[in-house]
Amino acid sequence: MASIHSVDEFAIGVPDLMDAERFYGAFGLQVRREGDALGLYTVGHPHRWGRVYGGLPCKKLMWLTLGAYEEELAEIRRQVKSVGASESVPPPQADAGGFWIRSPDGVPMQVRPAQKCSPSSPAPREFTPAAGMGHALVGRSPARSKVQKVNPLYLSHLLLFTADVDQAMDFFCSGLGLRLSDRSGSSIAFLHSPHGSDHHLIALAKSSGPGLHHTSWCVPSIDAVGLGMEQMSDAGYGEGWGVGRHVLGSNYFRYVKDPWGSFAEYSYDIDYIPAGAQWPAADHPGADSLYVWGPAVPADFIRNTEIEV
């Protein structure tokens, strides 16, 4: 089966671009003014991971652009038609190329030929070396006085709200070629690319309608997760969840609440599924769907602010 290989770009709309510029800049992304939108980049990486538009009454997932290999594009187009997805016209601000469809929840999605921007190997891990004090177990912690700004490495995944997790899974798996990594009943599911990706490229969570719950950004160490939390707290974004560790995906996390009630996640050490690997997908108990340790889940963590006031 043909499959997409990457989330090439996400696009959201928010009420005020200045709020978005401050939030994502503090988070450690490179934020560039590009026409009437903001482009979101990671430091030292040429790829644009997202766009943010202003002037909307509330935050809204405007569209997703999904990357595929040129030679698989026609087959993916046939697959999505076979699961009942209808082709659509692109939003006015979107780029041309490939073809456009709507998800079962009505979200515009573009599938276009693109270079693979999802990882093709596990994310790098940084280990703090000894400080040269004559003992291998001395001076391994980073010095607070020398801490530098946390800058994420790449976009790891998105978690999307959906009115029907099973129906959305059929669309993404039978239509777009993703594969199930893990799930917890019909409440949440995690999907990876058979071309190689982190444990999930797309995750799906039950809600009463569509929306974007969070974007997840890979950082190179557990220290970067904690330092990112402090970095955002110092910038006025202290609400969120974590530091903790997930069961499904295994990653350490800190979710930072954005100005619109959704989240951006610092993620470290997520499971990686190589191209062609057969992952032992399973249906897990609800207790395993969120975390193995960490602070209690905030009461509003799974609130879909795109459809709930």
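The structure under discussion appears in the preceding block.
As the structure is a prediction and not an experimental result, all values here were calculated from the model.

## Here we look at the layout of surface pockets
Approximately 370 Å³ is the volume attributed to the largest pocket. The wall of the largest pocket is formed by 25 residues, among which Leu159, Ile188, Ser289, Leu290 and Ile302 lie closest to the centre. Of all the elements in the fold, those that place two or more residues in the lining of the largest pocket are strand E8 (154-162), strand E10 (188-192), strand E12 (202-206) and strand E13 (211-218). In terms of residue class, the lining of the largest pocket is made up of 13 nonpolar, 10 polar and 2 charged.

## Describing the packing of aromatic side chains
Under the defined criterion, the tally for this structure stands at 20 aromatic pairs. Taking the centre distance of 5.1 Å and the plane angle of 80 degrees together, the rings of Phe171 and Phe172 count as edge-to-face. Phe172 carries the same exposure label as Phe171, and that label is buried. Ring centres of Tyr255 and Phe301 lie 5.0 Å apart, and the angle between their planes is 75 degrees; this geometry places the pair in the edge-to-face category. Taken together, the residues span a long stretch of sequence, with Tyr255 in strand E15 (residues 252-257) and Phe301 in the segment after strand E18 (282-283) at a distance of 46 residues. Connected via pairs of aromatic rings, a cluster forms that spans Phe23, Tyr24, Phe27, Tyr237, Trp260 and Tyr266. Taking NZ or CZ as reference, Arg32 lies 3.8 Å from the ring centre of Tyr41, over its face.

## Observations concerning the sheet that holds strand E5 (residues 60-68)
The strand order E2-E3-E4-E1-E5-E7-E6 describes an open sheet built from 7 strands, whose pairing is mixed. Since the sheet does not close on itself, it has two edges, and those belong to strand E2 (30-34) and strand E6 (99-102), each with one partner. Each neighbouring strand pair of the sheet contributes to a mean axis angle of 25 degrees, computed without reference to strand direction. Relative to strand E4 (residues 48-53), strand E1 (residues 6-13) runs parallel, the two sharing 4 bridges. Directly across from Ala11, in E4, lies its bridge partner Arg51. Along the sheet, helix H1 (residues 17-27) makes contact with E1, E2, strand E3 (37-41) and E4, crossing E2 at roughly 150 degrees.

Quick notes on the rules
Residues numbered from 1 in each chain as written. Predicted model: local features only at pLDDT ≥ 70, side-chain atom pairs only at ≥ 80, totals over all residues. Heavy atoms only, no water. 1 Å grid on protein atoms, 1.4 Å probe; cavity = no way out; pocket = protein on both sides within 12 Å on 5 of 7 lines; lining within 4 Å. Points joined across faces, edges and corners; volume = space filled by probe spheres on them. Helix = DSSP H or I, 4+ residues; strand = E, 2+ residues; numbered from the N terminus. Nonpolar A, V, L, I, M, F, W, Y, C, P; charged D, E, K, R; others polar. Phe/Tyr/Trp six-rings, centres within 6.5 Å; stacked < 30°, edge-to-face > 60°. Buried < 20%, exposed > 50% of the residue type's maximum accessible area, 1.4 Å probe, protein only. Lys NZ or Arg CZ within 6 Å of the ring centre and 35° of its normal. Pairing = 2+ DSSP bridges. Axes fitted to C-alpha atoms, helices over the stretch in contact; angles between N-to-C directions. Contact = heavy atoms within 4.5 Å.

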